[in-house]
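# Observations on chain architecture
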Amino acid sequence: MVELVPSILSADFARLADEVAAAERGGGTVIHCDVMDGHFVPNITLGPPVIKSLRKATTLPLDCHLMIENANDYIPAFADAGANWISVHFEACTHLHRTIELIHDHGLHAGVVLNPATRLEVLSEILPMLHHVLIMSVNPGFGGQKFIPHSLEKIRKLAAWRKELGLAFRIEVDGGIAHDTVGQVVQAGAELLVAGNAVFGDGKAEENARALLADARKAAGEIS
Ligand code: DX5
Ligand code: ZN
């Protein structure tokens, strides 16, 4: 089943609880929280205190996308704050297996994120450990960027690989997901659809989420 995963990066941070509630009313079922450190990516966003506040504002799973160096130093704090899913970048983790184990040790779902230039094959040794694989369809760091079309082929390959191996990890896509792209990513095999600007960009999160999810479900053949 496809799920809409609103990314709070484009929300009004002064009204975060209301924004998240609106996205949930519109059909969002997981909340995506972009954590940026100003080193791995050229932007700075939020940390565990915001996750802790959000935890009180919603019962939806909090999907923390860590775009940071030294993730191992911060995973315990995100777990304590109330994160449910933590994904780390292949490109930022020297000892990726250890990092995934650390996420598991805290009782959380672990995911790995691949930048647009990183090939899928780097995941071969750790795929069975993963709850989700996040395919970046823009270069990480900013909301509102243009979808990179090559991501479709990567999602298709990953979905075929999953089938071949008989694994159950979920395929998430992040970056440039909007009305003009959501159908294609769903048809390629993505099922967790992160959307920031398309949901929160204009202050109408509920309507936007509802319309985007409807497009996704149509593309998946879940509704007509
Ligand atoms: C970008 C972030 C995304 C971002 C997507 O580095 O990882 O989650 O919010 O934003 P849109 O949907 O606006 O491309
Ligand atoms: Zn993200």
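Notes on the structure follow.

Conventions and cut-offs
- Residues numbered from 1 in each chain as written.
- Chains lettered and ligands numbered in written order.
- Predicted model: local features only at pLDDT ≥ 70, side-chain atom pairs only at ≥ 80, totals over all residues.
- Heavy atoms only, no water.
- Buried < 20%, exposed > 50% of the residue type's maximum accessible area, 1.4 Å probe, protein only.
- Helix = DSSP H or I, 4+ residues; strand = E, 2+ residues; numbered from the N terminus.
- Pairing = 2+ DSSP bridges.
- Right-handed = clockwise from strand over helix to strand, strands pointing away.
- Salt bridge = Lys/Arg side-chain N within 4 Å of Asp/Glu carboxyl O.
- Donors = N, O, S within 2.8 Å, 3.2 Å for Na, K, Ca; no water.

A word on the pairing of strand β3 (residues 62-67). The element β3 is extensively covered by neighbouring structure, given that 6 of its 6 residues are classed as buried. Burial of the side chains of β3 extends over both faces: Leu-62, Cys-64 and Leu-66 are buried on one face and Asp-63, His-65 and Met-67 on the other. For strand β2 (residues 31-36) and β3, the ladder comprises 6 bridges, and the chain directions are parallel. Pairing of His-32 across the sheet is with Asp-63, part of β3. Taking the sense of rotation as the criterion, the β-α-β connection linking β2, helix α2 (residues 48-57) and β3 turns out right-handed.

Looking now at the pattern of salt bridges. Applying the stated criterion across every chain yields a total of 8 salt bridges. The closest approach of N and O atoms between Glu-206 and Arg-25, which form a salt bridge, is 2.9 Å. Separated by 181 residues along the polypeptide, Glu-206 in helix α8 (residues 205-220) and Arg-25 in helix α1 (residues 16-25) bring together distant segments of the chain. When the shortest N-O distance is used, the salt bridge between Glu-222 and Arg-217 registers 3.6 Å. A relative accessible area of 33% places Glu-222 in the partly exposed class. Among the residues examined, Arg-217 registers a relative accessible area of 28% and is labelled partly exposed. Through salt bridges with shared partners, a single network forms among Arg-25, Glu-206 and Arg-210.

Turning next to the pairing of strand β4 (residues 85-89). Within β4, 5 of the 5 residues are buried, which leaves it mostly tucked inside the rest of the structure. The pairing of β3 with β4 spans 4 bridges and is classified as parallel. In the sheet register, Cys-64 faces β4, and the bridge partner there is Ile-86. Crossover connection from β3 via helix α3 (residues 75-81) to parallel β4: handedness right-handed. As a crossover connection, the stretch from β4 through helix α4 (residues 96-105) into strand β5 (residues 109-114) is right-handed.

The next subject is the coordination of the zinc ion (ligand 2). Geometry sets the ideal angles at a metal, namely 109.5 degrees for four tetrahedral donors and 90 or 180 degrees for six octahedral donors. Taken together, the protein donors to the zinc ion (ligand 2) comprise His-32 (NE2), Asp-34 (OD), His-65 (ND1) and Asp-174 (OD), at separations of 2.0 to 2.3 Å. Using a relative accessible area of 4% as the deciding quantity, one classes Asp-34 as buried. Residue class for His-65 comes out buried when judged on its relative accessible area of 0%.

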